[in-house]
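Okay, here's what each chain looks like letter by letter:
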Amino acid sequence: MLSLHLSCCIILTLFGIKLDEFVGISATRADSDQKYTQEEKLALDKLRRIVSNSLYLDYQNEDGYLMNWLSHRNMDINAAARALENNIQWRKQNDIDNILNDKEVLKLQKSYPATYGKAVDKEGYPGNEMIYGNWNMRKAMVAGKRSQLFRLIISSFERMTTIARSVGKHQFVSLIDMQGYNLREHGCFACMAFYADIAISYENNYPNSVYKFIAINTPGIYESAFEILRPLMSKSTQDAINFFGSNKNDWQPFILNLFSKEQIPPRFGGTRTP
């Protein structure tokens, strides 16, 4: 039987996915309400000077946003600058500034629903919620909708980081119900390559943006499959991920430690309606 590491390499090679320099890099503090050390302030100022001619959106000058890039590159200023320059080019090439109004993305949202920004945790981080079992990933692959689904997921990152900035944050929380996960619809070979592509794009373009990722009703087979993707993720992303099974007594206290009950729906242990 192939090892998980070898399986990952095969998937990446066959689908032409390349790793960037983020792999294995740890993170420090990132959000805008943090008190930065003198060394961090100097690093922020230097990074801002290096990329100042490329920054074209107001939020790109914010300390919290720039710290995401620095912390993701282990406070290596030049590496953070290169990554940010690459991101700006990627944004322009893929029209990311207008992705939230992309008609194809909006159309696909009906088949792949999620809730954005209704929940806010006790520290002020906004949350998104989705039922993963409702997302038929294989169907999109077979129907030739891979690129559209990719843009839909990128749009979710864009939407949540936009919502986070609106409340003075640069990170968000994801609540995922894995009920309905099955290997045929969610664990196919093409699906795994798609997840790898998403993981890399997240790391390259939305570094350190997830404060917490919480998945409940997670089947053991998914956690095994996830190990294929783990090498593609930075330490900060791996540290943010929390998997729980179906035992409510395990996951509910964890979620309610982050959210008040009225902020989240019953599916995640809260009382919010709808």
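Here the structure is a predicted model, which is why all the values come from computation and not from measurement.

## So, the pairing of strand β1 (residues 115–120)
Relative to strand β2 (residues 126–131), β1 runs antiparallel, the two sharing 4 bridges. The residue of β2 that forms the bridge with V120 is P126. In sequence, β1 turns back onto β2 through a hairpin of 5 residues, with G124 there showing a positive phi of about 95 degrees.

## Some words on the packing of helix α3 (residues 63–72) against helix α4 (residues 77–93)
For any two helices packed against each other, one specifies the inter-axial angle together with the distance between the axes. α4 packs onto α3 with a crossing angle of 115 degrees between their chain directions and a minimal axis gap of 8 Å. In this structure, α3 meets α4 at a crossing whose hand is right-handed. Contacts between α3 and α4 involve Y65, L66, W69 and L70 on the former and, on the latter, I77, A80, A83, L84 and N87.

## Notes on the state of the cysteines
A disulfide bridge is the covalent bond that connects two cysteines by way of their sulfur atoms. Within the structure shown, the criterion is met by 1 disulfide. Put simply, C188 and C191 are joined by a disulfide, and their sulfur atoms are 2.3 Å apart. Negative torsions about the S-S bond denote left-handed disulfides, and the value of about 75 degrees found for C188 with C191 makes this one right-handed. C191 sits in the buried class, given a relative accessible area of 0%.

## A closer look at the packing of helix α2 (residues 38–51) against α4
Their axes nearest at 10 Å, the elements α2 and α4 cross at an angle of 40 degrees. Accordingly, the angle class assigned to the pair α2 and α4 is oblique. Considering how the two elements wind past one another, α2 and α4 form a crossing that is right-handed. Note on element contacts: α4 touches α2 through I77, N78, A80, A81, L84 and E85, opposite A43, K46, L47, I50 and V51.

## Here we look at α2
Between its first and last C-alpha atoms α2 spans 20 Å; for 14 residues at 1.5 Å apiece the expected length is 20 Å, and the two agree. Those residues of α2 that sit buried are E40, A43, L44, L47, R48 and V51. The arc that holds every buried residue of α2, seen down its axis, measures 135 degrees, which confines them to one face. Along α2, the residues that are exposed and aim more than 90 degrees away from the buried face are Q38, E39, L42 and R49. The elements touched by buried residues of α2 are α3 and α4.

## Section: the confidence of the model for the chain
Any segment with low pLDDT has predicted coordinates that should not be analysed in fine detail. Summing up the model confidence of the chain, the mean pLDDT is 89 and the portion of residues at 70 or higher is 88%. Overall, residues 1–29 carries pLDDT values under 50, and its contacts beyond four positions in sequence, including any with other chains, amount to 66 contacts.

## Some words on the packing of aromatic side chains
Taken as a whole, this structure holds 14 aromatic pairs when the rule is applied. Between Y125 and Y211, the ring centres sit 4.1 Å apart and the planes meet at 15 degrees, which makes this aromatic pair stacked. Note that Y125 is positioned in the loop between β1 and β2 and Y211 in strand β4 (residues 210–216), a separation of 86 residues in sequence. By relative accessible area, which is 2% here, Y125 ends up buried. Considering the side-chain rings of Y222 and F243, the 5.6 Å spacing of their centres and the 75 degrees angle between planes classify their relative orientation as edge-to-face. Here Y222, found in helix α10 (residues 220–229), pairs with F243, found in strand β5 (residues 241–243); they are 21 residues apart in sequence, far enough to count as distant. A relative accessible area of 13% places Y222 in the buried class. Taken together, the ring pairs in this structure connect Y132, Y181, Y222, F226 and F243 into an aromatic cluster. The positively charged end of R165 is found above the aromatic ring belonging to Y59, 3.4 Å away from the centroid.

Rules behind the numbers
Residues numbered from 1 in each chain as written. Predicted model: local features only at pLDDT ≥ 70, side-chain atom pairs only at ≥ 80, totals over all residues. Heavy atoms only, no water. Pairing = 2+ DSSP bridges. Helix = DSSP H or I, 4+ residues; strand = E, 2+ residues; numbered from the N terminus. Axes fitted to C-alpha atoms, helices over the stretch in contact; angles between N-to-C directions. Left-handed = near helix turned anticlockwise from the far one by under 90°. Contact = heavy atoms within 4.5 Å. Disulfide = S-S within 2.5 Å. Buried < 20%, exposed > 50% of the residue type's maximum accessible area, 1.4 Å probe, protein only. Parallel < 35°, antiparallel > 145°, perpendicular 65-115°, else oblique. Expected span 1.5 Å × (residues − 1). Arc of directions from axis to C-beta. pLDDT = per-residue confidence, 0-100. Phe/Tyr/Trp six-rings, centres within 6.5 Å; stacked < 30°, edge-to-face > 60°. Lys NZ or Arg CZ within 6 Å of the ring centre and 35° of its normal.

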